[in-house]
Amino acid sequence: QVQLVESGGRLVQAGGSLKLSCAASGRAFGDYDMGWFRQTPGKEREFIAAISWSGGFTYYADSVKGRSTISRDNAKNTMYLQMNSLNPEDTAVYYCAGSSTRISGSSRSEEYDYWGQGTQVTVSS
């Protein structure tokens, strides 16, 4: 199995940018399709973006498409999420997730086997 740890969450002003990281340890990181989700209190976990095991395919939710970039460096066992033009609606706990099967950028949280503990992103207006 793989262990995931997110970092990079912080307080940022509206219109700003930040880059989240997800560091993996354990089994070969390159074996996993990966994704980013976010969650706010009282709401279901929301899909943000996903990336295939090789990094060759990426998928985005409409809410972040065009202003976010998901990427990975398998040599560093790390996945990233660059987010630009942030707005207060982006405030949430952000989670990275991994799947040991090929799920082709699935937006369904139940298809991911492993989760990090989350990192808080707060966007002030």
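**Considering the overall build of the chain**
Scanning the chain for helices and strands turns up zero helices and 11 strands. Its helices and strands in sequence order give the chain the pattern β-β-β-β-β-β-β-β-β-β-β, from N to C terminus. Taking 125 residues into account, the globule formula puts the C-alpha radius of gyration at 14 Å, and the chain, at 13 Å, falls close to it. Its C-alpha atoms give the chain principal-axis dimensions of about 40 × 30 × 25 Å. Burial analysis of the chain (125 residues in total) assigns 43% to the buried set. Long-range contacts, defined here as pairs at least 24 residues apart, represent 58% of the contacts in the chain between residues at least 6 apart. When the accessible area of the chain is evaluated, it comes to approximately 6,100 Å², of which 47% is carbon and sulfur surface. Computed over 12 positive and 12 negative side-chain charges, the separation of the two mean positions in the chain equals 5 Å.

**Section: the nonpolar core**
One finds M34, W36, M79, L81 and Y94 to be the most contacted residues of the largest nonpolar core, which totals 25 residues. The set of elements that each furnish at least two residues to this core consists of strand 1 (2–7), strand 3 (18–26), strand 4 (33–39), strand 5 (46–51), strand 8 (78–83), strand 9 (92–99) and strand 11 (119–124). Here M79 is in contact with L20, S21, C22, F29, M34, G35, W36, I51, I70, S71, R72 and C96, once residues within four sequence places are set aside. Counting residues in each nonpolar core, the second largest holds seven residues, with F37, A50, A97 and Y112 among its members.

**Examining the sheet that holds strand 3**
An order of 1-3-8-7 is seen for the four strands of this open sheet, with the pairing classed as antiparallel. The two strands at the open ends of the sheet, each matched to only one other strand, are strand 1 and strand 7 (68–73). If you compare each strand with its neighbour and ignore which way they point, the axes differ by 15° on average. When strand 7 meets strand 8, the two strands line up antiparallel, connected through six bridges. Within strand 8, the residue paired with R72 across the bridge is M79.

Rules used in this analysis
Residues numbered from 1 in each chain as written. Predicted model: local features only at pLDDT ≥ 70, side-chain atom pairs only at ≥ 80, totals over all residues. Heavy atoms only, no water. Helix = DSSP H or I, 4+ residues; strand = E, 2+ residues; numbered from the N terminus. Rg over C-alpha atoms; globule rule 2.2 N^0.38 Å. Buried < 20%, exposed > 50% of the residue type's maximum accessible area, 1.4 Å probe, protein only. Contact = heavy atoms within 4.5 Å. Areas by Shrake-Rupley, 256 points an atom, 1.4 Å probe, with all protein chains shown as cover. Lys, Arg positive; Asp, Glu negative; His and termini not counted. Charge placed at Lys NZ, Arg CZ, Asp CG, Glu CD. Core = buried A, V, L, I, M, F, W, Y, C linked by side-chain atoms within 4.5 Å. Pairing = 2+ DSSP bridges. Axes fitted to C-alpha atoms, helices over the stretch in contact; angles between N-to-C directions.

Read these as spatial facts, not as claims about activity.
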